[in-house]
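Residue strings, one per chain:
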Amino acid sequence: MPPEGEKLMVENMYKNLADQDEYPATVAIQTRCVSIIANIWKVPKDCTAIGTATGGSSEAIMLGGLAMKKLWQEQRKAAGKDYFHPNIVFGSNAQVALEKFARYFDVEMRLVPVDESTRFCMSPERAMQYIDENTIGVMVILGSTYTGVFENVLEMNNQLDEYEKKTGQHVPIHVDAASGGFIAPFAYPKYRWAFDIPRVQSINTSGHKFGATPVGLGWIVWKDEKYLPKDLIFELHYLGSTEYSFNLNFSRPAAPVIAQMFNFLNLGFEGYQRLARVDLHNARVLSRALEASGFYKVVSEIHLPYDGGLLSGTTIGEGVDAATSDPEDPQHYRRMAIGYIVISNKDTHPYLRFSEQFKAEYPYVKQEWMQTLLRARQWIVPNYALPPDAQDIEILRVVVRENVSAELIRRIMHDIIECTESLMKKGTEAMLMATVTEKPEDETKREQVVYSKPC
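Residues numbered from 1 in each chain as written. Predicted model: local features only at pLDDT ≥ 70, side-chain atom pairs only at ≥ 80, totals over all residues. Heavy atoms only, no water.

Draft legend 1. Representation of the pattern of salt bridges within the structure. Counted under the stated rule, the structure contains 12 salt bridges. One salt bridge connects E291 with K297, and the closest N-O pair in it is separated by 3.9 Å. The class for K297 is partly exposed, based on a relative accessible area of 27%. A salt bridge links E407 to R410, with the shortest nitrogen-to-oxygen separation between them at 2.8 Å. Note that E407 and R410 are positioned in helix α11 (residues 406-424) at a spacing of three residues, about one turn of the helix. Accessibility expressed as a relative area gives 42% for E407, which makes it partly exposed. Accessibility expressed as a relative area gives 44% for R410, which makes it partly exposed. (Salt bridge = Lys/Arg side-chain N within 4 Å of Asp/Glu carboxyl O. Buried < 20%, exposed > 50% of the residue type's maximum accessible area, 1.4 Å probe, protein only. Helix = DSSP H or I, 4+ residues; strand = E, 2+ residues; numbered from the N terminus.)

Draft legend 2. Main features of the packing of helix α8 (residues 255-292) against α11. α11 packs onto α8 with a crossing angle of 20° between their chain directions and a minimal axis gap of 10 Å. Judged by the inter-axis angle, α8 sits roughly parallel to α11. In this structure, α8 crosses over α11, and the sense of that crossing is right-handed. Contact residues: N282, V285, L286, A289 and L290 in α8; A406, I409, I412, M413, I416 and I417 in α11. (Axes fitted to C-alpha atoms, helices over the stretch in contact; angles between N-to-C directions. Parallel < 35°, antiparallel > 145°, perpendicular 65-115°, else oblique. Left-handed = near helix turned anticlockwise from the far one by under 90°. Contact = heavy atoms within 4.5 Å.)

Here you go:
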């Protein structure tokens, strides 16, 4: 953030966003931010969008889920039906905040298995097996924590349309756009995922991710006031005026919201678009270099062209007319949250890029060693397993953000290749890593996840 933005934050660090009577300008700024976000998320003109700043996407997800639960309960009560057994559907690749919502607010969590055939994200067709009359909604992820891919909101909408025709059951969609909410509108303006899709009634995002604010800011926006149940809105009178609150937290710092407005005014649409394009370009450069080395397979799709043959899949998302022939345009490539590069060299999976000769000559090399070797060079590149049903695949993740320059891309590319080659030499580093990281066999067994049974 520029010095002017930091100065604004310091000047407002003691202001409480909850005290609307004492700091009315901060509330007006929050309202303007909600309006701007709703606009870039294509809210229909006949809708009155409503939303709020939160402490992060986790709180925003809780609010989105609670709104769906309350609306479902109201509908079930009005119909004289059981309203004590709600469930919610999302992919097993979901971030932990989605699971927290289900556990904290007594909603049955129905995880949709993911695997290579679904691009390690939720398949709308597969998700339909887990939906019934007690489903309060489906959470679709725009930017998977594991690989950065966008789940197909439009196809999920279409599948639910067919379901409603057969059953009369209306199931809404909440989009978890923590990673993609500030990327898709600028990098992929023709991509349909937001309020221009009928069943999408709420969306959350992280201001402190690619909204480029300091830590501590999330956003939740509902397409229309009717999607925010009155049970979630509290009327307060003890701060000097009549105020309304629908956050989980009451007192909240105003400084991050002011920082968000500063970014909106300072960067504008063109500024956010420029940041997204540069970051995606740098991520593609690194992806191609790693694959060209022959040592790694890039699991994420950030560098792959958006061709017509792949658009027939149920997790991709839009028509060929939304792609371009310009290799510098992000729309020329598959839709991804910004700069997620996921690489794999596990010798038990087809993502392996080692040659057969390499595997025969260096069978001792373990991918998890790369995490520690790179950390010694000041890079944090986590090594982790993919979601359940694909947990035998381990991947390394590099996130390219606005502060990752072309020079840093060159340096990390050099360090990844150099660390890999040091392991190939069977030298001191490789043997040390084998000694330090090797675990007893019984400790390496992964817990098996039991999914909810299809309905």
